[in-house]
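Here is how the chains run, residue by residue.
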Amino acid sequence: MSDKQDNATAYWKENLRYLLILLSIWFAVSYGAGILFKQALDSIKLGGFPLGFWFAQQGSIYVFVILIFVYVHLMNKLDKKYGYNE
């Protein structure tokens, strides 16, 4: 394989690793905090609502939006690392 092909393969492997990590975090927050740990989190109130309910309804969406910004930041660094930046 050429250096360009090796570079592209390494880029996509690292990109997929970022995606798996970030989506795993989102899954853990939405499923874990919203379902598995709901009863434990319900003892804490946020804005008058139990924290477990808040995570199930709003928290996973907020975490997803934050993860989008993290992904953009990581991809900008990755683009620069492999020479794909604009």
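Computed from a prediction, not measured in an experiment: that's the story for all the values here.

Reading the values: the criteria
- Residues numbered from 1 in each chain as written.
- Predicted model: local features only at pLDDT ≥ 70, side-chain atom pairs only at ≥ 80, totals over all residues.
- Heavy atoms only, no water.
- Core = buried A, V, L, I, M, F, W, Y, C linked by side-chain atoms within 4.5 Å.
- Buried < 20%, exposed > 50% of the residue type's maximum accessible area, 1.4 Å probe, protein only.
- Helix = DSSP H or I, 4+ residues; strand = E, 2+ residues; numbered from the N terminus.
- Contact = heavy atoms within 4.5 Å.
- Axes fitted to C-alpha atoms, helices over the stretch in contact; angles between N-to-C directions.
- Parallel < 35°, antiparallel > 145°, perpendicular 65-115°, else oblique.
- Left-handed = near helix turned anticlockwise from the far one by under 90°.
- Nonpolar A, V, L, I, M, F, W, Y, C, P; charged D, E, K, R; others polar.
- UniProt positions renumbered as here; feature names shortened; annotations may be inferred.
- Salt bridge = Lys/Arg side-chain N within 4 Å of Asp/Glu carboxyl O.

Counting 14 residues, the largest nonpolar core has Tyr 11, Tyr 18, Leu 41, Phe 55, Met 75 and Leu 78 as its most contacted members. Broken down by element, this core gets its largest block of residues, eight residues, from helix α3 (residues 51–82). Beyond its immediate stretch of four places on either side in the chain, Leu 41 contacts Ala 33, Leu 51, Gly 52 and Phe 55.

On to the packing of helix α1 (residues 3–36) against α3. How two helices pack is summed up by the angle between their axes together with the distance between the axes. Running from N to C, α1 and α3 point in directions that differ by 165°, and their axes come no closer than 9 Å. Considering their axes alone, α1 and α3 lie roughly antiparallel with respect to each other. Judged by the twist between their axes, the crossing of α1 over α3 is right-handed. Residue composition of the contact of α1 with α3, grouped by class: 20 nonpolar, six polar and three charged.

With that settled, consider the UniProt feature "transmembrane region" (unreviewed entry) in the protein chain. The feature "transmembrane region" (unreviewed entry), as given by UniProt, occupies residues 20–41 and 53–74 in the numbering adopted here. Here residues 20–41 runs as 95% helix and 0% strand, with 26 Å between its end C-alpha atoms. Span residues 53–74 is 100% helix and 0% strand, its end C-alpha atoms 31 Å apart.

Let us now look at the pattern of salt bridges. Summed over all chains, the structure comprises three salt bridges. Salt-bridge contacts for Glu 14 lead to Lys 81; the nearest nitrogen and oxygen are separated by 3.2 Å. Placement of Glu 14 in helix α1 and of Lys 81 in helix α3 is noted, with a sequence separation of 67 residues between them. With a shortest N-O distance of 2.7 Å, Asp 42 and Lys 38 are connected by a salt bridge. What emerges from the salt-bridge pattern is a single network uniting Glu 14, Arg 17 and Lys 81.

Here Phe 37 is to be found in the loop between α1 and α2 (38–41). Sequence separation between Phe 37 and Leu 51 is 14 residues, and the spatial gap between their C-alpha atoms is 9.9 Å.

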